[in-house]
Amino acid sequence: MDPTLARLSEIPNLTVSRDAPLSAYTRFAIGGPADIYAETESVESFIQALAVARSSGRSYMVIGGGTNLIVSDAGYRGIMLRFVARRMFAAGDRVQCDAGAVLQDLVDFSINRGLQGLETLAGIPGSVGAAVYGNAGAYGHSISERVRQVRFFDGECVRMFDSAACDFRYRESVFKRHKDWIIFSTELRLTPADAAALRKTADDIVKVRNEKFPVTMKCAGSIFKNFLLAELPQAVAAAIPEKVVREGKVPAAYFLEQVGAKGMSRGEIHVAAYHANLIYNAGGGTAADLRILIEELKLRVRRQFAVELEEEVQYVG
């Protein structure tokens, strides 16, 4: 047996497999196998597995819900680790949640307890850890507004950061700049409110979201980040119609529409005919075609507007 595989297999509460198809762990349903895949709900077991991965001399990485991953068709020559604990606890206006929990489950959990602050995140795919990592948000609100503290592993020890130390910005956090830091849980401070009203808000948002991004669609939601109007070149910002700007942001879809993105395709990878910032796998699509199409869209926008689209997705392998 592979020595690294053998060492990982000895760790309690760790599920280990060889040549695991990563297409099963990504929203795009694309990607070849990882040499070794291991997951656990235990913080202690995860830290042990990470130590084995580090000492093995092989490449390794940690993934969450796989929503924003584009995995190479050749897969990942290394060790893929995943923390999958999903516990949630509520005490008054505080909610404690493990990083492996599904974000929608956390939204539902808070709404059912009459706690306001996460309902605008309804329908956003992925895990809670990934939402904190990328400061997920929608409809003018982000999860950072409600994060009180985050428990994480910095490679040496488990630490706690308050919201200020997390350095949240638009779709950014300190954890994005320290990709070796692993989020284990977060504590949120919410506001007591009427559960029925919160449910209606969330349901209305999910209805709109599902029209754009059906749950069966093999996609990562929006593929590119929106732009902050204040950070665009002055000449570009001045030419943008006022009706396009929302809460100080310019949708990436605006620029993509201008360059004819809607309906473009390569192989089984398509840009939605109704949404220029939605790329999906129609079935049998490849990571190679997906990356080529993304680069073509970036090139078109760069040539016409002299601005650089930035992906929300992460490339693996």
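Participant: Where do I start with the environment of K200 in this structure?
Facilitator: The topology assignment puts K200 in helix 6 (residues 195-212). Sequence separation between K200 and V174 is 26 residues; the distance between their C-alpha atoms is 33 Å.

Participant: Is there a simple way to think about the pairing of strand 5 (residues 76-83) in this case?
Facilitator: Side-chain positions along a regular strand alternate between the two faces of the sheet. With seven of eight residues buried, strand 5 is to be regarded as a mostly interior element. Two elements, strand 3 (residues 60-63) and strand 5, share four bridges in a ladder whose sense is parallel. Each residue of the ladder has a partner; that of Y60, found in strand 5, is I79.

Participant: How do you make sense of the pattern of salt bridges when you look at a structure like this?
Facilitator: One side chain can pair with another of opposite charge once the charged atoms of both are near each other. Per the stated rule, a full pass over the model turns up 21 salt bridges. Its salt-bridge partner being R77, residue D35 comes within 2.9 Å of it at the nearest N-O pair. Here D35, found in strand 2 (residues 33-40), pairs with R77, found in strand 5; they are 42 residues apart in sequence, far enough to count as distant. Judged by relative accessible area, which is 18%, D35 ranks as buried.

Participant: Teacher, can you tell me more about the packing of aromatic side chains here?
Facilitator: Each aromatic ring pair is specified by the distance between its two centres and by the angle formed by the two planes. Evaluated as defined, the whole model comprises 13 aromatic pairs. Geometrically, the ring pair formed by F83 and F184 is edge-to-face, given 5.0 Å between the ring centres and 65° between the ring planes. Here the residue F83 occupies a position in strand 5, and F184 occupies one in strand 13 (residues 182-189), the gap between them amounting to 101 residues. The exposure class assigned to F83 is buried, which follows from its relative accessible area of 6%. Judged by relative accessible area, F184 falls into the buried class, the value being 1%. Following the ring pairs from residue to residue traces out a cluster consisting of F152, F161, F175 and W181. Sitting above the plane of the F109 ring, R113 keeps its charged end 3.6 Å from the centroid.

Calculation notes
- Residues numbered from 1 in each chain as written.
- Predicted model: local features only at pLDDT ≥ 70, side-chain atom pairs only at ≥ 80, totals over all residues.
- Heavy atoms only, no water.
- Helix = DSSP H or I, 4+ residues; strand = E, 2+ residues; numbered from the N terminus.
- Buried < 20%, exposed > 50% of the residue type's maximum accessible area, 1.4 Å probe, protein only.
- Pairing = 2+ DSSP bridges.
- Salt bridge = Lys/Arg side-chain N within 4 Å of Asp/Glu carboxyl O.
- Phe/Tyr/Trp six-rings, centres within 6.5 Å; stacked < 30°, edge-to-face > 60°.
- Lys NZ or Arg CZ within 6 Å of the ring centre and 35° of its normal.

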